[in-house]
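Coordinates in review
Listed here are the chains, written in short residue letters.
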Amino acid sequence: MARSSPRLTSDSPAVTEALGAGLGAALRAGDVIVLTGVLGAGKTCLVRGVVAGAGGDPVGVRSPTFVIHQPHRCSSLTVHHVDLYRLGGGASVDVLDLDSALQGGAAVIEWGEYADLSRFSPASLCIDAPGPGPDDRVLWLVDPASAHLARAWRALSQSRQAAT
Ligand SMILES: Nc1ncnc2c1ncn2[C@@H]1O[C@H](COP(=O)(O)OP(=O)(O)O)[C@@H](O)[C@H]1O
Ligand SMILES: [Mg+2]
């Protein structure tokens, strides 16, 4: 499934977290979401929302400095926050044993473009900072990968439209 979904705007970290929470509430074991965007785009911010939406504690979600894999126990699954930035290009995710992790959990991966994740059929979400304001962001699911994530994103889009 490679159908781009609606572009949603965010003008604050709180809004980005709320969008993440909408995805987090829909997450299922086995889901892998790769987040794309430059440093400071808001990827970790979105993960905070994902963990909250999945029923976990978002406070512990931070940009990993030395740790590239941080599991967060949530209501019915574990959200695995992975950040491959420190591994650089040509990274191998084999060390993470994602296969086992995905049996009872989902993974949200920053800098996933540094590794070949194709066998996990990941969803791909892009965060762009187009301006003009420093806090302006545009987020879209480049590839939802699964119907339930596509539905969750559409629902977020519709609830935004209903609120305006
Ligand atoms: N609309 C927004 N969404 C997300 N973060 C934002 C937004 N506006 C400003 N920010 C700021 O941008 C930074 C994003 O940091 P972070 O989530 O760690 O980015 P990344 O993980 O992509 O490097 C934070 O300092 C956050 O406060
Ligand atoms: Mg980050």
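Every chain's residues receive numbers from 1 upward, in the order its sequence appears when written. The lettering of chains begins at A and the numbering of ligands begins at 1, in the order of writing. The predicted origin of the model limits local features to residues at a pLDDT of at least 70 and limits the giving and counting of side-chain atom pairs to 80 or more, whereas totals for whole chains, interfaces and linings rest on all residues. Here the side-chain values reflect all heavy atoms present in the structure, with hydrogen atoms and water set aside.

Per an unreviewed UniProt entry, the protein chain goes by tRNA threonylcarbamoyladenosine biosynthesis protein TsaE and derives from Candidatus Amunia macphersoniae. According to UniProt, the comment filed for the protein chain under the heading Subcellular location (unreviewed entry) is "Cytoplasm". UniProt positions are given in the numbering used here, feature names are shortened, and annotations may be inferred rather than shown by experiment.

1. Digging into the overall build of the protein chain
Helix numbers and strand numbers start at the N terminus; a helix is a DSSP run of H or I with at least 4 residues, a strand a run of E with at least 2. Within the protein chain, the secondary structure is distributed over 4 helices and 7 strands. Reading the helices (α) and strands (β) of the protein chain from amino to carboxyl end gives β-α-β-α-β-β-α-β-β-β-α. In terms of overall dimensions, the protein chain is globule-like: its C-alpha atoms have a radius of gyration of 15 Å, near the 15 Å expected for 164 residues. The principal-axis extent of the C-alpha atoms belonging to the protein chain is close to 45 × 30 × 30 Å. Type-normalised accessible area, obtained with a 1.4 Å probe on protein chains alone, sets the label of each residue: buried when under 20%, exposed when over 50%, and partly exposed for intermediate values. Looking at the 164 residues of the protein chain, the share that counts as buried comes to 48%. Contacts were defined at the residue level, with two residues in contact if any of their heavy atoms lie within 4.5 Å. Within the protein chain, residue pairs in contact and separated by at least 24 positions form 65% of the contacts whose partners lie at least 6 positions apart. Working definition of accessibility: Shrake-Rupley area with a 1.4 Å probe, residue cover restricted to the visible protein chains. A total of about 7800 Å² of accessible surface is found on the protein chain, and carbon and sulfur atoms cover 53% of it. His is not counted, nor are the chain ends; Lys and Arg add positive charge and Asp and Glu add negative charge. A charge is said to be at NZ when it belongs to Lys, at CZ for Arg, at CG for Asp and at CD for Glu. Taken as two groups, the 13 positive and 15 negative side-chain charges of the protein chain have centres that lie 5 Å from each other. Atoms counted for the radius of gyration: C-alpha only. Globule rule: 2.2 Å times residue count to the power 0.38.

2. A few points about the coordination of the magnesium ion (ligand 2)
Ideal values differ by geometry: the angle at a metal is 109.5 degrees with four tetrahedral donors, but 90 or 180 degrees with six octahedral donors. The protein atoms that coordinate the magnesium ion (ligand 2) are T44 (OG1) and E110 (OE), at distances of 2.1 Å. In this pair, T44 sits in helix α2 (residues 43–53) while E110 sits in strand β5 (residues 105–110), placing the two residues 66 residues apart along the sequence. With respect to class, T44 is no different from E110; both count as buried. Distances up to 2.8 Å from the metal define which N, O and S atoms are donors, and 3.2 Å serves for Na, K and Ca; water is absent from the atom set, so sites may look incomplete.

3. A word on the nonpolar core
Each nonpolar core is a collection of buried residues, namely Ala, Val, Leu, Ile, Met, Phe, Trp, Tyr and Cys, held together in the definition by side-chain atoms within 4.5 Å. Among the nonpolar cores identified, the biggest contains 28 residues, and L27, I33, L46, V79, L125 and W153 are the most heavily contacted of them. Listing elements by their share of this core, those giving two or more residues are α1 (13–26), β2 (32–36), α2, β5, β6 (123–128), β7 (137–143) and α4 (147–163). In contact with V79, not counting residues within four places along its chain, are L27, V50, V51, A54, Q70, P71, H72, C74, A106 and V108. If you look at the next biggest cluster of nonpolar residues, it comprises 16 residues, including V82, L84, V93 and L96.

4. As for the environment of G89
Looking at the element boundaries, G89 is found in the loop between β4 (78–83) and α3 (98–101). A residue is classified by how much of its surface remains accessible, and G89, at 61% relative accessible area, is exposed. In this structure, the C-alpha to C-alpha distance between G89 and E113, residues 24 residues apart in sequence, is 8.0 Å.

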